[in-house]
Amino acid sequence: MEKKGALLLALLLMASYVAYATDPTQLQDFCVGVNNPVEGVFVNGLFCKNPIQATPDDFLFKGLNIPRNTDNKQGSNVTLVNAANLPGLNTLGISLARIDFAPYGLNPPHTHPRATEVQTVLEGTLYVGFVTSNLPDGKNQLFSAVLYPGDVFIFPQGLIHFQFNIGKTPAVVLVSFSSQNPGVLTIANAVFGPTPPISIDVLTKAFQVDKNVIQYLEAQFSSGNNY
């Protein structure tokens, strides 16, 4: 009986060791290793301030109640609150944002590679949705809903999603992320506006359209013309 107890304890200790030995969740797209620290040192997150030197201001962000300017092509504006402008969030694994929408404003299809997003509508009426990764039959399923003030909707990590104000008045949502640096990849910008550009032969074959169509789309998302 004692041997069984000792074996169980050993297995639990091994499981605990494996759990703590795993790498932390990445907070950036990549982290290239260097042998010489003089080449530049970046950490997966931010360096920590001496706790003795921390102040209340390190945990305070003001002004999220202020409406943002939505006078742009998409008619929306994202105010992100993360460890870059609220240092106390560093290592806590969360961040948040306010999104303002003009009437019929859009937060275009995009993904957050490192975070799940939870959205709460404060004002307005929005049509929102996300698309699944490829299903066994090669298709993708859309999950969408029309949201009103007080409604909450979840966008799973890494999946393409969007928010569209279908009302005649401005809309405001508050979102939270399961990462201090969720990252964002706006689909149209990433495909038609990267530097250097993706080969036009790749894009014409992928979208099964004429080169003129691709060139027109690239002109909309070229550097300096992005949302």
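In this text, all values refer to a predicted model and were calculated from it rather than measured experimentally.

Analysis parameters
- Residues numbered from 1 in each chain as written.
- Predicted model: local features only at pLDDT ≥ 70, side-chain atom pairs only at ≥ 80, totals over all residues.
- Heavy atoms only, no water.
- Helix = DSSP H or I, 4+ residues; strand = E, 2+ residues; numbered from the N terminus.
- UniProt positions renumbered as here; feature names shortened; annotations may be inferred.
- 1 Å grid on protein atoms, 1.4 Å probe; cavity = no way out; pocket = protein on both sides within 12 Å on 5 of 7 lines; lining within 4 Å.
- Buried < 20%, exposed > 50% of the residue type's maximum accessible area, 1.4 Å probe, protein only.
- Contact = heavy atoms within 4.5 Å.
- Polar contact = N/O pair within 3.5 Å; in protein donor to acceptor, adjacent residues only side chain to side chain.
- Pairing = 2+ DSSP bridges.
- Axes fitted to C-alpha atoms, helices over the stretch in contact; angles between N-to-C directions.
- Points joined across faces, edges and corners; volume = space filled by probe spheres on them.
- Nonpolar A, V, L, I, M, F, W, Y, C, P; charged D, E, K, R; others polar.
- Salt bridge = Lys/Arg side-chain N within 4 Å of Asp/Glu carboxyl O.

Student: When you look at unusual backbone geometry in this model, what are you seeing that I'm missing?
Tutor: Peptide bonds are mostly trans, and most non-glycine residues show a negative phi. Residue Thr195 is joined to Pro196 through a cis peptide bond whose omega torsion reads -5 degrees. As for its placement among the helices and strands, Pro196 is situated in the loop between α2 (187-192) and α3 (200-207). Of note in the backbone geometry, Tyr104 takes a positive phi value of approximately 65 degrees without being a glycine. Tracing the backbone shows Tyr104 in the loop between β2 (95-101) and β3 (106-111).

Student: Can you walk me through the UniProt feature "binding site: Mn(2+)" (unreviewed entry) in the protein in this structure?
Tutor: Those places that UniProt annotates as "binding site: Mn(2+)" (unreviewed entry) correspond, in this numbering, to His110, His112, Glu117 and His161. Across 52 residues in sequence, these annotated residues keep their C-alpha atoms within 11.8 Å of one another, forming a single compact spot. Checking the annotated residues one by one, the ones that line the largest pocket turn out to be His110, His112 and Glu117. With respect to the element layout, His110 can be found in strand β3. On the basis of relative accessible area, His110 is assigned to the buried category, the value being 3%. When sequence neighbours within four positions are dropped, the list of residues in contact with His110 reads Glu117, Leu159, Ile160, His161, Gln163, Val184, Leu185, Thr186 and Ile187. A polar contact of 2.6 Å, which involves the side chain of His110, links it to the backbone oxygen of Pro108. Among all residues touching His112, those that are not within four sequence positions of it are Glu117, Gln157, Gly158, His161, Phe177, Pro182, Gly183 and Val184. Within the local environment of His112, its side chain forms a polar contact with the side chain of His110, the two groups lying 3.4 Å apart.

Student: Could you clarify how one ought to interpret the sheet that holds strand β9 (residues 171-177) in this entry?
Tutor: In any sheet, the strands associate via hydrogen bonds between backbone groups, in a parallel or an antiparallel arrangement. Spatial ordering of the open sheet is given by β1-β2-β9-β4-β7, a layout of five strands whose pairing is antiparallel. A single partner strand is all that each edge strand has here, and the edge strands are β1 (76-81) and β7 (152-155). Here the average twist between neighbouring strands, direction ignored, is 20 degrees. Relative to β9, β2 runs antiparallel, the two being bridged by seven bridges. Bridging from a neighbouring strand, Arg98 pairs with Leu174 of β9.

Student: Quick question: what am I supposed to make of the layout of surface pockets here?
Tutor: Taken as a whole, the largest pocket spans an internal volume of roughly 370 Å³. Lining the largest pocket we find 22 residues, and of these Val78, His110, His112, Val184 and Thr186 sit closest to its centre. Every element with two or more residues in the lining of the largest pocket is listed here: β1, β2, β3, β9, β10 (185-186) and α2. The element best represented in the lining of the largest pocket is β3, accounting for three residues. Grouping the constituent residues of the lining of the largest pocket by class yields 12 nonpolar, nine polar and one charged. In this structure, the second largest pocket spans a volume of roughly 260 Å³. If you go around the second largest pocket, the residues you meet are Leu46, Phe47, Cys48, Lys49, Pro51, Ala54, Asp58, Phe59, Pro87, Gly88, Asn90 and Thr91. In the lining of the second largest pocket, the residues fall into seven nonpolar, three polar and two charged.

Student: Would you mind going over the pattern of salt bridges with me for this structure?
Tutor: Throughout the structure, instances matching the rule amount to three salt bridges. With a closest N to O distance of 3.0 Å, Lys49 and Asp58 form a salt bridge. Asp201 is paired through a salt bridge with Lys211; the nearest N and O atoms lie 3.6 Å apart. You can see Asp201 sitting in helix α3 and its partner Lys211 sitting in helix α4 (residues 211-221), a full 10 residues away along the chain. Looking at Lys211, the relative accessible area reads 41%, which means it is partly exposed.

Student: It is not clear to me how the environment of Val146 should be interpreted in this structure. Could you clarify?
Tutor: Tracing the sequence through the fold places Val146 in strand β6 (residues 142-147). Linking Val146 and Val128, residues 18 residues apart in sequence, is a C-alpha distance of 6.4 Å. Excluding anything up to four places from it in sequence, Val146 contacts Thr125, Leu126, Tyr127, Asp151 and Ile166.

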